[in-house]
Amino acid sequence: MSTRLFQVDAFTDRPFAGNPAAVCLLDGPADAAWMQAVAAENNLPETAFVVPPDADGTRGLRWFTPTVEVDLCGHATLATAHVLATEAGVTEESLAFATRSGVLTARVSAQGIEIDLPAIPCAPLTDEAQADAARAAVGARADAEVAVSGGWVLVVLDSTDAVRACVPDLVAVAAAAPFALIVTGPGGDAGDRGPDIVSRMFGPNAGIDEDPVTGAAHCILGPFWAERLGRPRLRAHQASARGGDLIVEVRGDRVALTGRAVTVLRADLLT
Amino acid sequence: MPLRLFQIDAFTDRPFAGNPAAVCLLDAPASEGWMQDVAAETAMPATAFVAPGDGSGADRSLRWFAGRTELALCGHGTLAASHVLLHEVGAASDEIRYATGAGTLTARSGEGGLIELGLPAHRPVAAPEAAAAAAAALWADGGAPAVETWRGFQDLLVAVPSVDDVLGLAVDAPAVTALGARCVIVTGPGDDGGRDTSRRPLPPAADFVSRVFASPGGLTEDSVTGSAHCLLGPFWAERLGRPVLQARQASARGGDLRVEVRGDRVLLAGRAVTVLRAELAVADPVSRGARP
């Protein structure tokens, strides 16, 4: 017995960039311990497991890192929609997934794949000691703006170059941001064709020194920059070593993330 | 035609144990940059690239990458590559000679699915000057047993009196990295009678056990390390007075090897399991302008 498994680079149009995920097409629900073992064996940031649609057309979707099951994963959801549309002959333009975070939808079009996620508001960080620690952890100026949302801390830098050049002190990041620290800055260095916003995400407390491309971070970045720049639709670039691109559109309390994906590996899983 | 890639668990007979490796079968030598890209993408401890022989007498050429770093010698990647050639694609013969950066290596199909690798033997040289630092780095809780330290190849071997000493490490990762070895190998005899088998049961047949720590890109514990047994084999063969030994690497995933010292070679025998059979969907290395 074998199971079809695909490795996909998400939020990019080139192989070896974006954020990699494995997508496993199941015939039906599988044992969680087995899914965890497969995800550990893949050793990718996330492995997604998707089952065939129910009578309403909704597909069950679960995501595992090499060590735990997670509540929400944007890039593996994009990767799953990509596999269904390009590898599994699914022709529906709109896909619904039943997940730990409720029903998520994905829309497949010529522009890429759009996934619909909750908008996550942030607020100025009022704890000055924590704000100073966050600035110091990423080498930001003493007057750099710092915002917070749950376990996320956002440090706003002056320019794309400053975001790219940032060398974080990961021990200090772990102390300053309970979950992860995002550095972000305005795009514009590349003129009209470049991104509107750039970012990087450091999550040593989540076991990720730097994440290649982070869907969830853009649920925070979208509303933050949409308000600042006065328009709801933004081109975003995550300036990690692998790099990734997405379009973020804020729609009330939801964020639509649109990106592309590339299949790297088509496999039969033999276990 | 797309390139074929396999994911193999080496030095075990069951999936999700042993040491995983990807094996990529090439039609022609590929560029280093492309191999680095693929190895980084597989996210495996090692990705082995097998290309046709270069006409110098070897059947195949073999290189190993861990992410963007090329490895000097990789036993489990060689076992994985041999499992693919012997058991997945049906190599023409049951013996393979590889040209590698570590010289010519051989693989032979043995009984009952065993694959026997011929690797260089590394002779241990006593290095008592390293003992204090090794004891402090590996038993950071202060519970170090009596240790002996030896060097061979680019590795540091730390020998302890019992299995429990091997299982009861309290590793200070930066201090282990600072020991400056390719691999830090902790080893003890396989059966000392009074060990606590509830923690990590070992097959009673293990003549010696080991754990191995390697540093590139942050210290990690290796699951199963073939190349470390190029030093462990000669060390224990001399100590136990016999050339054929059963070895257990007591990592979380765990692995089993049979080690035979024969002159300046070590024969490592083990099994392997195919977990994934895949086609690479990315452009092949030739169309990317690779040069041999």
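Residues numbered from 1 in each chain as written. Chains lettered and ligands numbered in written order. Predicted model: local features only at pLDDT ≥ 70, side-chain atom pairs only at ≥ 80, totals over all residues. Heavy atoms only, no water.

A. Representation of unusual backbone geometry. Residues and elements named next belong to chain B. Within the chain, Phe 11 stands out as a residue other than glycine whose phi angle is a positive 65 degrees. Note on placement: Phe 11 falls in the loop between strand E1 (4-10) and strand E2 (19-25). We note that Phe 153 has phi near 55 degrees; this positive angle belongs to a residue other than glycine. By the element assignment, Phe 153 lies in the loop between strand E10 (148-152) and strand E11 (155-159). (Helix = DSSP H or I, 4+ residues; strand = E, 2+ residues; numbered from the N terminus.)

B. Here's a closer look at helix H2 (residues 75-88) of chain B. Residue and element names in this part refer to chain B. The terminal C-alpha atoms of H2 lie 19 Å apart, and with 14 residues this matches the ideal 20 Å at 1.5 Å per residue to within 8%. Of all 14 residues making up H2, 12 are buried, and the element is well covered by its neighbours. Regarding H2, the residues found buried are Gly 75, His 76, Gly 77, Thr 78, Leu 79, Ala 80, Ala 81, Ser 82, His 83, Val 84, Leu 85 and Leu 86. (Expected span 1.5 Å × (residues − 1). Buried < 20%, exposed > 50% of the residue type's maximum accessible area, 1.4 Å probe, protein only.)

C. Geometry of the interface of chain A and chain B. Counting residues at the interface gives 23 residues for chain A, matched by 23 residues for chain B. The junction of chain A with chain B conceals about 2,000 Å² of combined surface from both sides, 60% of it contributed by carbon and sulfur atoms. On the chain A side of the interface with chain B, the three residues burying the most area are A:Phe16, A:Glu41 and A:Leu270, jointly 37% of the side's total. Summed over the shared surface of chain A and chain B, the result is 2 salt bridges. Between B:Arg253 and A:Glu41 there is a salt bridge, with its nearest N and O atoms 2.9 Å apart. At the level of elements, strand E1 (3-10), helix H1 (32-42) and strand E18 (261-269) of chain A are the ones that each hand at least two residues to the side of chain A that touches chain B. Broken down by element, the residue count for the side of chain A that touches chain B peaks at 7 residues, all from E18(A). Across the side of chain A that touches chain B, the residue classes tally to 13 nonpolar, 5 polar and 5 charged. (Contact = heavy atoms within 4.5 Å. Buried area = accessible area lost by both parts, 1.4 Å probe. Salt bridge = Lys/Arg side-chain N within 4 Å of Asp/Glu carboxyl O. Nonpolar A, V, L, I, M, F, W, Y, C, P; charged D, E, K, R; others polar.)

D. Summary view of the pairing of strand E11 (residues 152-156) of chain A. Residues and elements named next belong to chain A. A large share of E11 lies buried, amounting to 5 of its 5 residues. Across the two faces of E11 the burial is the same, with Trp 152, Leu 154 and Val 156 and Val 153 and Val 155 all buried. Two strands pair when backbone bridges link them, and strand E10 (residues 146-149) and E11 are joined in this way by 4 bridges, in the antiparallel orientation. Each residue of the ladder has a partner; that of Ser 149, found in E11, is Trp 152. Taking the residues between adjacent antiparallel strands as the criterion, E10 and E11 are bridged by 2 residues, where Gly 150 takes a positive phi near 55 degrees. In the sheet, E11 pairs with strand E12 (residues 180-186) via 5 bridges, with the strands oriented parallel. What sits directly across from Val 156, in E12, is Thr 184. (Pairing = 2+ DSSP bridges.)

E. Spotlight on empty space enclosed by the protein. Tallying each qualifying case throughout the model produces 2 cavities of 30 Å³ or more. In this structure, the largest cavity spans a volume of roughly 90 Å³. Lining the largest cavity, in full, are A:Leu5, A:Gln7, A:Ala22, A:Asn42, A:Leu44, A:Leu265, B:Leu5, B:Gln7, B:Thr42, B:Met44 and B:Leu276. Where the lining of the largest cavity is concerned, the elements lending two or more residues are E1 of chain A together with E1 of chain B. Tallied by class, residues from the lining of the largest cavity come to 7 nonpolar, 4 polar and no charged. Quantified by volume, the second largest cavity comes out at close to 40 Å³. (1 Å grid on protein atoms, 1.4 Å probe; cavity = no way out; pocket = protein on both sides within 12 Å on 5 of 7 lines; lining within 4 Å. Points joined across faces, edges and corners; volume = space filled by probe spheres on them.)

F. Molecular detail of the pairing of strand E16 (residues 244-251) of chain A. Residues and elements named next belong to chain A. Burial of E16 is one-sided: the residues Gly 244, Leu 246, Val 248 and Val 250 facing one way are buried, the residues Asp 245, Ile 247, Glu 249 and Arg 251 facing the other way are not. In this sheet, E16 lies alongside strand E15 (residues 233-238) in antiparallel orientation, the contact comprising 6 bridges. Looking across to E16, one finds that Gln 238 is bridged to Gly 244. Between the end of E15 and the start of E16, which pair antiparallel, lie 5 residues, with Gly 243 showing a positive phi angle near 75 degrees. Strand direction decides the pairing type here: E16 and strand E17 (residues 254-259), joined by 5 bridges, are antiparallel. Paired with Ile 247 across the strands is Thr 258, a residue of E17. In sequence, E16 turns back onto E17 through a hairpin of 2 residues, with Gly 252 there showing a positive phi of about 65 degrees.

G. A look at the state of the cysteines. Residues and elements named next belong to chain A. Under the criterion given, the structure shown has 0 disulfides over all chains. You can see Cys 122 has no disulfide; the closest cysteine sulfur is in Cys 219, sitting 12 Å from it. For Cys 219, a relative accessible area of 1% puts it in the buried group. (Disulfide = S-S within 2.5 Å.)

H. Seen up close, the packing of aromatic side chains. All names here are of chain B. With the rule as written, the count across this model stands at 9 aromatic pairs over all chains. Ring centres of Phe 235 and Trp 236 lie 5.3 Å apart, and the angle between their planes is 90 degrees; on these two criteria the pair is classed as edge-to-face. Exposure class is identical for Phe 235 and Trp 236. Each is buried. Taken together, the ring pairs in this structure connect Trp 150, Phe 208, Phe 235 and Trp 236 into an aromatic cluster. (Phe/Tyr/Trp six-rings, centres within 6.5 Å; stacked < 30°, edge-to-face > 60°.)

I. Representation of the pattern of salt bridges within the structure. Tallying each qualifying case throughout the model produces 35 salt bridges over all chains. A salt bridge links A:Arg242 to A:Asp9; the shortest N-O distance between them is 3.2 Å. A residue pair is termed long-range when its members are at least 10 positions apart, and A:Arg242 in the loop between E15 and E16 and A:Asp9 in strand E1 qualify at 233 residues. Across the pair, A:Asp9 and A:Arg242 agree in class, each one buried. B:Glu70 is the salt-bridge partner of B:Arg63, the closest N and O atoms lying 2.8 Å from each other. Since its relative accessible area comes to 34%, B:Glu70 is described here as partly exposed. One network of salt bridges, with partners in common, ties together A:Arg62, A:Glu69, A:Asp71 and A:Arg100.

Nothing here speaks to function; it is geometry throughout.
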